[in-house]
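A look at the structure
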Amino acid sequence: MTPITALLSEDFSASATADFPALDATDLFRELHAIAVFANGWLLTSLPRGGLQIGHGVRPVGPGMRKRLRGASAEDRAAWQAIVTGEAMTGEDAWGEQAFHASRFRVEMMRREGLDHVMAAPVGDYLLPGYAGVVELFRTVAQGPFTPDEVAEVAKLSEKWGRRFRRSRDQRIVACGQPSGEWVQRPAERQFIFDAHLQPILGGEVFELLDERLRKAVRDDARQRLARLNGQAVTGDRLRLPDGHGDLWTFRVVVFKRFPALGDGPTLFYLLQPTCSEWAALREGDFTGDPDVARLIPALDFMAGHFRDRPKLAAIAKAAKLSPYYFHRRFTEMLGLTPKHYLLSCQLDAAKPRLIEGELELSQVAKACGFAHQSHFTSRFKQTTGLAPTHWRRLVAGGKRTHRAATE
């Protein structure tokens, strides 16, 4: 096994652009190793698909490891409990000592890599707003378990680096064109997770601050999905639900029959979709730990830059150097939305500030944002937001914020 100190000298952001660099975890891992020696480590993020994703890894993450991690995401109790509680913890803390040693995550994931101990510390939503991440560190048998003092120090350092990453992320989002008006404000939490009794597991406090009609719509939808589950392992849908003002909120809904990391029985994820600018701010170098995801990022850049031209799937797939069929499948699986939905998000995000300015006719807004004609723009806008463009503009001009609650 290559010494960890040698691996920590590698450049994690080699694929980053000069203007908008990727988030570089090299120094984070180096500082962590100085206070708590470890054999391997990951920087993980949650994504709007209902799972965890490797952003960076200290060691090269081979195809077998990536595949096992995707399958083990629902088993990684240390990482998920760190996200839910906001506290750093060891595997023994998360599972209980006996349960941890017998857990599938340890037996089928860790032991195959010669690892015996794990700890996880939250870093907050370091990559996509509202989608929390964790640092996860591993030790061999010879290195022994993490001590309480080491866990506490890792927690402090991870929190510090989380703040640093978020500042960098926010700068990239603004540089990619994120509007700053009140009408684009979103909840601080973007993923709401419920158990089979519709009790919140994650995001409960923020959820209760949302519009009453929207909360009721989420709960009603969840009840219907649970009634239809009938042994199905996982279901996923794109769902639009109205709030009390008629605005539609777009969620990716994923229902797991089992998600042991968060408890027994079915688990439901309601995942509020990122904006076009938030997606576009991602860089290939943000996913050095998973080349399968990294190679999809150029397609996001291509669509963000060419949405007005309404590019075909073949042209988009070419940016990722993949066949159209394989690209569409992998893009949807990895990121939790289709290329078509991402293009529409870019079009609507570009249209909204033009509507607010009020200097262009609807036909001109439609043309400027890549819609075929005004009626096409109007129908897509209403289908997505629940409001006609002129109605939406009047509400915003009157001081009403589309996503006004739970933003603090």
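Within any chain, residue numbers begin from 1 and follow the written order of that chain's sequence. Residue-level local features of this predicted model are given only where pLDDT is at least 70; pairs of side-chain atoms are given and counted only at 80 or more, and the full residue set underlies all totals for whole chains, interfaces and linings. Values shown for side chains rest on all heavy atoms present in the structure; no hydrogens or waters enter the calculation.

1. A short note on the state of the cysteines
Cysteine sulfur atoms are paired as a disulfide whenever they come within 2.5 Å of each other. One pass over the full model with this rule turns up one disulfide. Linked covalently through their sulfurs, Cys 276 and Cys 346 form a disulfide whose S-S length is 2.1 Å. Handedness of the Cys 276-Cys 346 disulfide follows from its S-S torsion of about 75°: it is right-handed. Highlighted residues: Cys 276 in helix α11 (residues 276-280) and Cys 346 in helix α16 (residues 339-357), separated in sequence by 70 residues. A 1.4 Å probe rolled over the protein chains alone gives each residue an accessible area, and that area as a share of the maximum for its type sets the label: buried under 20%, exposed over 50%, partly exposed in between. Classification of Cys 276 as buried rests on a relative accessible area of 7%. Distance from the sulfur of Cys 176, which forms no disulfide, to the nearest cysteine sulfur (Cys 276) is 8.7 Å. Its relative accessible area of 28% is what places Cys 176 among the partly exposed residues. Strands are runs of DSSP state E lasting at least two residues, helices are runs of H or I lasting at least four, and both sets are numbered from the N terminus onward.

2. Describing helix α8 (residues 148-175)
One less than the residue count of a helix, multiplied by 1.5 Å, gives the span that helix is expected to have. An ideal rise of 1.5 Å per residue puts 40 Å on 28 residues; α8 measures up with 41 Å between its terminal C-alpha atoms. Along α8, the residues classified as buried are Glu 150, Val 151, Val 154, Leu 157, Ser 158, Trp 161, Gly 162, Phe 165, Arg 169, Arg 172 and Ile 173. In what follows, residue pairs with any heavy atoms lying within 4.5 Å of each other are defined as contacts. As for α8, its buried residues are in contact with α2 (26-35), β1 (40-47), β3 (89-90), β4 (117-128), β5 (131-139) and α11. One or two positions beyond α8, positive phi appears at Gly 177, with a value near 105°.

3. Focus: α2
Among the residues making up α2, those that are buried are Thr 26, Leu 28, Phe 29, Leu 32 and His 33. All buried residues of α2 lie within an arc of 165° about the axis, which places them on one face of the element. What the arc describes is the spread of directions from the helix axis to the C-beta atoms.

4. Focus: the pattern of salt bridges
When a carboxyl oxygen of Asp or Glu is within 4 Å of a side-chain nitrogen of Lys or Arg, the pair counts as a salt bridge. On inspection of all chains with the given rule, the structure shows 23 salt bridges. Among the salt bridges present, the one from Arg 163 reaches Glu 159, with a minimum N-O distance of 3.6 Å. Placement of both Arg 163 and Glu 159 in helix α8 is noted, with a separation of four residues, approximately one turn of the helix. Exposure remark for Arg 163: the relative accessible area of 40% places this residue in the partly exposed category. The partner of Asp 237 in a salt bridge is Arg 225, and the shortest N-O contact between them spans 2.8 Å. A residue pair is termed long-range when its members are at least 10 positions apart, and Asp 237 in strand β8 (residues 234-242) and Arg 225 in helix α10 (residues 212-228) qualify at twelve residues. Given a relative accessible area of 6%, Arg 225 falls into the buried group. Within the structure, one salt-bridge network assembled from shared partners comprises Asp 125, Arg 166, Arg 169 and Asp 170.

5. Overview of unusual backbone geometry
The backbone of Leu 198 sits at a positive phi, close to 65°, despite the residue not being glycine. Note on Leu 198: relative accessible area 13%, which makes it buried. Of note in the backbone geometry, Arg 310 takes a positive phi value of approximately 50° without being a glycine. Structurally, Arg 310 can be placed in the loop between α13 (297-306) and α14 (313-319). Residue class for Arg 310 comes out partly exposed when judged on its relative accessible area of 43%.

6. Focus: the pairing of strand β10 (residues 267-272)
For β10, the tally of buried residues reaches six of six residues, placing the bulk of the element in the interior. Sheet analysis places strand β6 (residues 191-194) next to β10, joined by four bridges and oriented antiparallel. If you follow Gln 191 over to β10, its bridge partner there is Leu 271. Bridge count between strand β9 (residues 248-256) and β10: six bridges; the pairing is antiparallel. Bridge pairing in β10 links Phe 251 to Leu 272. For two strands to be treated as a pair, DSSP must find no fewer than two bridges joining them.

7. A look at the environment of Leu 322
Note on placement: Leu 322 falls in the loop between α14 and α15 (324-335). Taking C-alpha positions, Leu 322 is 9.1 Å from Leu 296, a pair spaced 26 residues apart along the chain.

Interpretation note: all reported values are geometric properties and have no functional meaning in isolation.
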